[in-house]
Amino acid sequence: MLILCHGMPKSGCTPVFELVRSMLQHAGEPQETFINEERREDRFGPLMRNFARNLTHEKIERMLAAIGPERKVIVKTHSRMPEGEFKWLEELYESGQLRVVASYRDPRAMCLSVLASAVKKNKATANVIDTVELRNAATSVQRRIPHFREWGALKGTVRINYDNAVLLPDDAMDRIEAALGITTDRAAAKRDALETSHVNKARDRRERFDEFSDAQNAEMVERFGEFLDQVCALDSQAWFDARRPSLLKAAAERVSEPRE
């Protein structure tokens, strides 16, 4: 079984991925690295994680073949769903070959994370949020939301809120165990995946968006209002399901075309 962990950049995908990977390891499913397409392949040293970029039908088939039918291995990705492959991916789910875990986060927090990265690179002002830079960050986040919605519309996708994963991990673990058909040593999995400085800082700092001016926060709420309401507040299945007809139509059109 291939388990894809999808997340928009800065959505907290890494802690969610590490939680699922640790759960798999403590459920008796070894997680050796067999694909790593990070921009810097040496970034994680001996802890290098499975990471796939630019997913295609063929790349997913290669990963399935590498894993085989007896194992369960997780691969992190920020990639959008391969165009026209929605129905095929659901067929993989039905046959037990694929599961998807999709992480998400309040888009305002994602914007703050984008700006924080720019500060580290000396590309932004550290003390005051520049409105132009904030809008650029928001545009970057906004263009990824449709990709997340596609994965979220896929049958069986487990959608995990980043804050819940690091602050209420048992709730997330209930859903992950059920979706993957595993029983794990939860204490050990949480210890290995969540007891890091990065996650502990997230626990200590709940997102209140004090960094934004009133005008900036109002602009962010207006821009991301639908996502905040339908996903962050409600995790509305109907919002995701509304994408299914167009995705199934694209899949039907894809079937009628010869595959290269």
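Draft legend 1. Spatial organisation of the overall build of the protein. A count of helices and strands for the protein gives 14 helices and five strands. Taken across its 260 residues, the protein has 48% of its residues classed as buried. Sequence separation of at least 24 residues holds for 77% of the intrachain contacts in the protein that already meet a minimum separation of 6. When the accessible surface of the protein is split by element, carbon and sulfur atoms take 48% of a total near 13200 Å².

Draft legend 2. Local environment of the state of the cysteines. Across all of its chains, the model carries zero disulfides by this definition. Free of any disulfide, Cys5 has its nearest neighbouring cysteine sulfur in Cys13, separated by 3.9 Å. We classify Cys5 as buried; its relative accessible area is 0%.

Draft legend 3. Structural context of the environment of Asn50. For Asn50, the location among the structural elements is in the loop between helix H1 (13–25) and strand E2 (51–52). Along the sequence, Asn50 and Asn36 sit 14 residues apart, while their C-alpha atoms lie 5.1 Å from each other. Leaving out residues up to four positions away in the same chain, Asn50 has contacts with Phe17, Glu32, Thr33, Phe34, Ile35, Val73, Ile74, Val75 and Lys76. Polar side-chain contacts of Asn50 include one of 3.2 Å to the backbone oxygen of Glu32.

Draft legend 4. View of the side chain of Asp106. Mapped onto the fold, Asp106 is located in the loop between strand E4 (98–104) and helix H4 (107–120). Given the relative accessible area of 13%, Asp106 is considered buried. Within the structure, the side chain of Asp106 is placed 2.7 Å from the side chain of Arg108, a separation counted as a polar contact.

Draft legend 5. Region of interest: the packing of aromatic side chains. Across all of its chains, the model carries five aromatic pairs by this definition. Summarising the aromatic geometry, the rings of Tyr104 and Phe148 are spaced 5.7 Å apart at their centres and angled 50° between planes, so their arrangement reads as tilted. In this pair, Tyr104 sits in strand E4 while Phe148 sits in helix H6 (residues 145–153), placing the two residues 44 residues apart along the sequence. Each of the two residues, Tyr104 as well as Phe148, counts as buried.

Draft legend 6. Layout of the nonpolar core. Counting residues in each nonpolar core, the largest one holds 46 residues, and the members touching the most others are Leu2, Leu4, Met63 and Leu89. No other element matches the five residues that H4 contributes to this core. With 23 residues, the next largest nonpolar core counts Val16, Leu180, Ile182 and Ala189 among its residues.

Draft legend 7. Inspection of helix H12 (residues 225–233) at higher detail. For H12, every residue scored as buried is listed here: Gly225, Phe227, Leu228 and Val231. The positive-phi residue at the C-terminal boundary of H12 is Asp235, with phi of around 45°.

Draft legend 8. Region of the structure containing the pattern of salt bridges. In the structure shown here, the tally under the stated rule is 18 salt bridges. Among the ionic pairs, Glu32 bridges to Arg71, the shortest N-O distance being 2.0 Å. Of this pair, Glu32 sits in the loop between H1 and E2 while Arg71 sits in the loop between helix H2 (57–67) and strand E3 (73–77), placing them 39 residues apart in sequence. Classification of Arg71 as partly exposed rests on a relative accessible area of 26%. Asp174 serves as the salt-bridge partner of Arg186, at 2.6 Å between the closest nitrogen and oxygen. Separated by 12 residues along the polypeptide, Arg186 in helix H9 (residues 186–194) and Asp174 in helix H8 (residues 169–180) bring together distant segments of the chain. Exposure remark for Asp174: the relative accessible area of 41% places this residue in the partly exposed category. Beyond isolated ion pairs, a larger network of salt bridges with shared partners links Asp170, Asp174, Glu177, Arg186 and Lys190.

Rules used in this analysis
- Residues numbered from 1 in each chain as written.
- Predicted model: local features only at pLDDT ≥ 70, side-chain atom pairs only at ≥ 80, totals over all residues.
- Heavy atoms only, no water.
- Helix = DSSP H or I, 4+ residues; strand = E, 2+ residues; numbered from the N terminus.
- Buried < 20%, exposed > 50% of the residue type's maximum accessible area, 1.4 Å probe, protein only.
- Contact = heavy atoms within 4.5 Å.
- Areas by Shrake-Rupley, 256 points an atom, 1.4 Å probe, with all protein chains shown as cover.
- Disulfide = S-S within 2.5 Å.
- Polar contact = N/O pair within 3.5 Å; in protein donor to acceptor, adjacent residues only side chain to side chain.
- Phe/Tyr/Trp six-rings, centres within 6.5 Å; stacked < 30°, edge-to-face > 60°.
- Core = buried A, V, L, I, M, F, W, Y, C linked by side-chain atoms within 4.5 Å.
- Salt bridge = Lys/Arg side-chain N within 4 Å of Asp/Glu carboxyl O.

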